[in-house]
Amino acid sequence: MSRSRRLQDDTSNRKRAERTGRRAELLCQFWLRLKGYRILATRYKSPAGEIDIIALRGKTLIAAEVKARSNRTDALYAVSSDQQRRIARALEAYAGIIGHSGDLRLDLMIVSTWGRIGHMTNAWQAH
């Protein structure tokens, strides 16, 4: 396979993964709304890190990391400890910006191949 063909394949794979990730995030936003969460931000970027979905339920501010994976184990391993720390710092920064003084929670949402959603509340602790 030629170098240009490999680059094209890499680009199309990245685009496909991006589309799959965006669809998974939209499904999770819808699911969270149905469960009584208020979506405050999506694809939030800060110098500390990026958060897929920031939601509020009661007095708890939640950062939800969305992973489109076929199983829970793959999704858990897809969030490195460095990424966990960045998400936690970004949520703390966001809480400061909006003046949130309640609880903070870090969740993992898994969207399977068939659109089934798994929601792991408090999937990890801030370090």
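Details of the structure are given in the entry above.
Residues numbered from 1 in each chain as written. Predicted model: local features only at pLDDT ≥ 70, side-chain atom pairs only at ≥ 80, totals over all residues. Heavy atoms only, no water.

S.K.: Would you mind going over the packing of aromatic side chains in detail, with residue names and values included?
M.R.: For the structure on display, the rule yields one aromatic pair. Plain terms: the ring middles of Tyr 44 and Tyr 94 are 4.9 Å apart, the flat faces sit at 75 degrees to each other, and that makes the pair edge-to-face. Taken as a pair, Tyr 44 in strand β1 (residues 38-45) and Tyr 94 in helix α3 (residues 81-98) lie far apart in primary sequence, 50 residues in all. (Phe/Tyr/Trp six-rings, centres within 6.5 Å; stacked < 30°, edge-to-face > 60°. Helix = DSSP H or I, 4+ residues; strand = E, 2+ residues; numbered from the N terminus.)

S.K.: An account of the sheet that holds strand β2 (residues 50-57) is needed here, citing residue identities and associated values.
M.R.: Within a sheet, adjacent strands bond to each other through the backbone by hydrogen bonds, running parallel or antiparallel. Overall, mixed pairing links the five strands, which are arranged β1-β2-β3-β4-β5 in an open sheet. Taken across any chain shown, the strands that pair with only one partner, and hence form the sheet edges, are β1 and β5 (117-120). Averaged over all pairs of adjacent strands, the angle between strand axes in this sheet comes to 25 degrees, irrespective of strand direction. Pairing analysis gives six bridges linking β1 to β2, with the strands arranged antiparallel. When the sheet's bridge partners are listed, Ala 41 is paired in β2 with Ile 54. Most of the contacts of α3 go to strand β3 (residues 60-68), to which it runs at about 145 degrees, and overall it touches β1, β2, β3 and β4 (103-111). (Pairing = 2+ DSSP bridges. Axes fitted to C-alpha atoms, helices over the stretch in contact; angles between N-to-C directions. Contact = heavy atoms within 4.5 Å.)

S.K.: Can you break down the nonpolar core residue by residue, with the values?
M.R.: The biggest cluster of nonpolar side chains holds 20 residues, and the ones touching the most others in it are Ile 51, Ile 54, Leu 61, Leu 91, Leu 106 and Leu 108. Secondary-structure elements contributing two or more residues to this core are β1, β2, β3, α3 and β4. Element by element, the count of residues in this core is highest for α3, at six residues. Non-local contacts of Ile 54, meaning those with residues more than four positions away in its chain, are made with Arg 38, Ile 39, Leu 40, Ala 41, Tyr 44, Leu 61, Ile 62, Leu 91 and Tyr 94. (Core = buried A, V, L, I, M, F, W, Y, C linked by side-chain atoms within 4.5 Å. Buried < 20%, exposed > 50% of the residue type's maximum accessible area, 1.4 Å probe, protein only.)

Purely geometric stuff here, so don't read any function into it on its own.
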